[in-house]
Amino acid sequence: MGRRSTAVKKGKGIRIPREKWLRSIPVRITDEYEIDEDGNAVILLQIEYKGIRGKLVKMFSITPLPQYKKIVLDKMGTTVWQLCDGKHTVDDIIRHLVKKTGMSRRNMEIAIYNYLKTLIEKGLIELHIPED
């Protein structure tokens, strides 16, 4: 039987039991990124000018509007970003970072929860939650 899952997307909170969250799989929505000379991920997001606000910005802008927004992640963020490949669970990411940093498991869980929540809110990843 195939693995079924639901996805937490932009605008949605993460409200699931801890055990299910740890088995969830974060997946990047875009692969439009590169690693800079400092080892940081640089993500390029296409900017969409939608709604009334977008129309007003387009109408009254005297300079060309930017087409992309650049987001630069630090080293820890880059590690998490690269592990959001659809293969690693949240637990895998936490274990990897605890081993790499020596930080306590509890503190790492909190940090990763908040970081993944931010990536979801920014529309950079989806969280695939197992339905079992």
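As a reminder, the structure under discussion sits directly above these lines.
Just so you know, the residues in each chain are numbered from 1, in the order the chain's sequence is written. Local features in this predicted model are restricted to residues of pLDDT 70 or higher, and side-chain atom pairs are both shown and tallied only at a pLDDT of 80 or more, whereas totals for entire chains, interfaces and linings draw on every residue. The basis for every side-chain value is the complete set of heavy atoms in the structure, and neither hydrogens nor water enter the calculation.

Caption draft 1: Spatial organisation of the overall build of the protein. A tally of regular secondary structure across the protein gives 5 helices and 6 strands. With a 1.4 Å probe rolled over the protein chains alone, any residue whose accessible area is under 20% of its type maximum counts as buried; one over 50% counts as exposed, and the rest are partly exposed. Of all 132 residues assigned to the protein, the portion counted as buried reaches 32%. Taking the contacts inside the protein whose residues are at least 6 apart along the sequence as the reference set, 70% of them involve residues at least 24 apart. If you sum the accessible surface of the protein, you get close to 9,000 Å²; carbon and sulfur atoms cover 53% of it. Strands are runs of DSSP state E lasting at least two residues, helices are runs of H or I lasting at least four, and both sets are numbered from the N terminus onward. The contact criterion used is simple: two residues touch if any of their non-hydrogen atoms lie within 4.5 Å. Note on areas: Shrake-Rupley with a 1.4 Å probe; residue coverage comes only from the protein chains shown.

Caption draft 2: Broad picture of a nonpolar patch on the surface. Patches draw on residues past 30% relative accessible area with no salt bridge. Two like charges within 9 Å are joined, as are two nonpolar side chains (Val, Leu, Ile, Met, Phe, Trp, Tyr) within 5 Å. The salt bridge criterion pairs a side-chain nitrogen of Lys or Arg with a carboxyl oxygen of Asp or Glu, the two atoms within 4 Å. Among the surface-exposed residues, Ile52, Leu56, Met59 and Phe60 lie close enough to one another that they form a single nonpolar patch of about 490 Å² accessible area. Tracing the chain through its elements places Met59 in helix α2 (residues 51-60).

Caption draft 3: How the structure looks around the sheet that holds strand β5 (residues 68-72). Strand pairing is assigned whenever DSSP detects at least two bridges linking the two strands. Spatial strand order, β3-β4-β5: 3 strands in an open sheet with antiparallel pairing. Each edge of the open sheet carries a strand with a single partner, namely β3 (33-35) and β5. Strand after strand, the sheet turns through a mean of 20° between neighbouring axes, direction not considered. A fitted line through C-alpha atoms serves as each axis, taken over the contacting stretch for helices, and the angle formed by two N-to-C directions is quoted from 0 to 180°. Against the sheet, helix α3 (residues 75-83) engages β3 and β4 (41-46), with an angle of about 130° to β3.

Caption draft 4: Local environment of the pattern of salt bridges. The final tally for this structure, using the stated rule, is 7 salt bridges. For Lys50, the salt bridge is made with Glu48, and the minimal N-O distance between the two is 3.6 Å. Neither residue differs from the other here; Lys50 and Glu48 are each classed as exposed. For the salt bridge of Arg95 with Asp92, the shortest nitrogen-to-oxygen distance reads 2.6 Å. Of the two residues, Arg95 and Asp92 are both situated in helix α4 (residues 90-101); the distance of 3 residues between them amounts to about one turn of the helix. Judged by its relative accessible area of 45%, Arg95 falls in the partly exposed class. For Asp92, a relative accessible area of 25% puts it in the partly exposed group. In the salt-bridge network here, residues are joined through shared partners; they are Arg18, Asp91, Asp92, Arg95, Arg105 and Glu109.

Treat this as a map of the structure, not an account of what it does.
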